[in-house]
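Here is how the chains run, residue by residue.
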Amino acid sequence: MSIAQTILPEFEHEMGTTRRVLAVVPNTEPEWRPHPKSTTIGNLAAHIATIPLWGRMTMDRAELDLGVPENAAAARVTFTSIPDLMDRFDRNVREARDAIASTSDSAMRETWTLKNGGTTVLSMPRVAVLRGFVLSHMIHHRGQLSVYLRLRDVPLPSIYGPTADTPR
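This section reports on the structure supplied with the text. (Residues numbered from 1 in each chain as written. Predicted model: local features only at pLDDT ≥ 70, side-chain atom pairs only at ≥ 80, totals over all residues. Heavy atoms only, no water.)

1. Things to note about the overall build of the protein chain
What counts, and what does not: Helical segments are the DSSP runs of H or I of at least four residues, strand segments are the runs of E of at least two, and each set is numbered from the N terminus. Note that the radius of gyration is over C-alpha atoms, with the globule rule given as 2.2 Å times the number of residues to the power 0.38. The classification of residues rests on relative accessible area computed with a 1.4 Å probe and restricted to protein chains. Under 20% of the type maximum is buried, over 50% is exposed, and intermediate values are partly exposed. Contacts between residues were defined by any pair of non-hydrogen atoms, one from each residue, lying within 4.5 Å. Per-residue and other accessible areas follow the Shrake-Rupley method at a 1.4 Å probe size, with only the shown protein chains counted as cover for residues. When charges are counted, Lys and Arg are positive and Asp and Glu negative, with His and the chain ends excluded. By convention, the point assigned to a charge is CZ for Arg, NZ for Lys, CD for Glu and CG for Asp.
Helix and strand content of the protein chain: six helices and three strands. Whereas a compact globule of 168 residues would reach a radius of gyration of roughly 15 Å, the protein chain reaches 16 Å, a difference of no more than 12%. Once the C-alpha set of the protein chain is aligned to its principal axes, its extents read approximately 45 × 40 × 25 Å. Put simply, the protein chain has 168 residues, and 46% of those count as buried. Across the protein chain, contacts joining residues at least 24 apart in sequence account for 70% of those joining residues at least 6 apart. Summing over all exposed atoms, the protein chain offers an accessible surface of approximately 8,400 Å²; the carbon and sulfur share of this is 54%. Between the averaged position of the 19 positive side-chain charges in the protein chain and that of its 18 negative side-chain charges there is a distance of 4 Å.

Below, the structure is given as structure tokens:
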């Protein structure tokens, strides 16, 4: 079994769970934040919807420098609306899934580097980047978003089992 075949079920599961959470983000008050130092709920949701794009970028290039203007859109995407956000998320997931599925084991083992303005932030095998920088990063922010949603009294969908808002 290839590396891609071992990671795609996890990818599919986490993307489906994330999609359910993004789908309940209110389209109203995107500027709401739980604390002055926190990002807004709209920008957090937009960030999460963009993270799968990094999966494709991890597969189709050797490095990504988020500190250069041509890559700025991959780092900072602003909230527009829930329908736009869902379209972006679905497109990014589809592109990432296709890129992962077509990546050979040898390419999965090649080193990939994340930079910020020329300074290396991390450098590791593509498969490790996919699990850490893409999946774990998205799961982390999805957890933040679920807290934001709870604070806004938005019923939460099932994540890793029932929530207080889903039937048992």
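The structure having been displayed, the exposition proceeds.
2. Observations concerning the sheet that holds strand 3 (residues 119–125)
Inclusion rule: Strand pairing is assigned whenever DSSP identifies at least 2 bridges connecting the two strands. Axes here mean lines fitted to C-alpha atoms, for a helix over just the part in contact, with angles spanning 0 to 180 degrees between N-to-C directions.
Within the open sheet, the three strands sit side by side as 1-2-3. Their pairing is mixed. The outermost strands of the open sheet, each flanked by one partner alone, are strand 1 (63–65) and strand 3. Pairwise comparison of adjacent strand axes, ignoring direction, gives a mean angle of 10° for this sheet. For strand 2 (residues 111–116) and strand 3, the ladder comprises six bridges, and the chain directions are antiparallel. Note that in strand 3 the partner of T111 across the bridge is P125. Against the sheet, helix 6 (residues 126–151) makes contact with strand 2 and strand 3, and its axis sits at roughly 110° relative to strand 3, the strand it touches most.

3. A closer look at unusual backbone geometry
Excluding glycine, most residues fall at negative phi; most peptide bonds, likewise, are trans. Within the chain, E29 stands out as a residue other than glycine whose phi angle is a positive 55°. In this fold, E29 is placed in the loop between helix 1 (3–23) and helix 2 (41–60). One non-glycine residue with positive phi stands out, namely D153, at about 60°. Here D153 is to be found in the segment after helix 6. A relative accessible area of 66% means that D153 is categorised as exposed.

4. So, helix 4 (residues 82–101)
We apply this condition: A helix's residues, less one, multiplied by 1.5 Å, set its expected span. Along the arc lie the directions from the helix axis toward the C-beta atoms. We define a polar contact as two N or O atoms separated by no more than 3.5 Å, with the added condition that, inside protein, one atom must be a possible hydrogen donor and the other a possible acceptor, whereas residues neighbouring each other in sequence contribute only through side-chain atom pairs.
Across its 20 residues, helix 4 extends 28 Å between first and last C-alpha, which sits within 8% of the 28 Å expected from 1.5 Å per residue. Within helix 4, burial applies to I82, L85, M86, R88, F89, N92, V93, A96, A99 and I100. In a view along the axis of helix 4, the buried residues occupy a sector of 160°, so they form one face of it. Buried residues belonging to helix 4 abut helix 1, helix 2, helix 5 (105–109) and helix 6. Here helix 4 starts with a cap whose side-chain oxygen sits 3.2 Å from the backbone nitrogen of D84, and that cap is S81.

5. Let's talk about the packing of helix 2 against helix 4
Between two packed helices, what matters for the description is the angle formed by their axes and the separation of those axes. Note the threshold: Note that the term roughly parallel is reserved for angles under 35 degrees, roughly antiparallel for angles over 145, roughly perpendicular for angles of 65 to 115, and oblique for everything else. In this scheme the handedness of a crossing depends on how the near helix is turned from the far one: anticlockwise by less than a right angle means left-handed, clockwise means right-handed. In this classification, Asp, Glu, Lys and Arg are treated as charged, Ala, Val, Leu, Ile, Met, Phe, Trp, Tyr, Cys and Pro as nonpolar, and every other residue, Gly included, as polar.
Two elements in contact, helix 2 and helix 4, have axes whose closest approach is 8 Å; the angle formed by their N-to-C orientations is 20°. By the criterion of interaxial angle, the relationship of helix 2 to helix 4 is roughly parallel. Along this stretch, helix 2 crosses helix 4, giving a crossing that reads as left-handed. Side by side, helix 2 and helix 4 meet where A45, A46, I48, A49, T50, P52, L53, G55, R56 and M59 of the first sit next to L85, R88, F89, N92, V93, E95, A96, A99 and I100 of the second. Taken together, the residues that form the contact of helix 2 with helix 4 break down as 13 nonpolar, three polar and three charged.

6. Quick notes on the environment of T6
Its place among the elements puts T6 in helix 1. When near neighbours in sequence (up to four residues on either side) are disregarded, T6 contacts M1 and R131.

7. A few points about the pattern of salt bridges
Pairing of side chains with opposite charge becomes possible as their charged atoms draw close. Definition in use: The term salt bridge refers to a pairing of a side-chain nitrogen on Lys or Arg with a carboxyl oxygen on Asp or Glu at a separation within 4 Å.
The final tally for this structure, using the stated rule, is eleven salt bridges. A salt bridge links D60 to R56, with the nearest nitrogen and oxygen atoms 2.8 Å apart. Separated by four residues within a single helix, D60 and R56 lie in helix 2, roughly one turn from each other. Its salt-bridge partner being E110, residue R126 comes within 2.8 Å of it at the nearest N-O pair.

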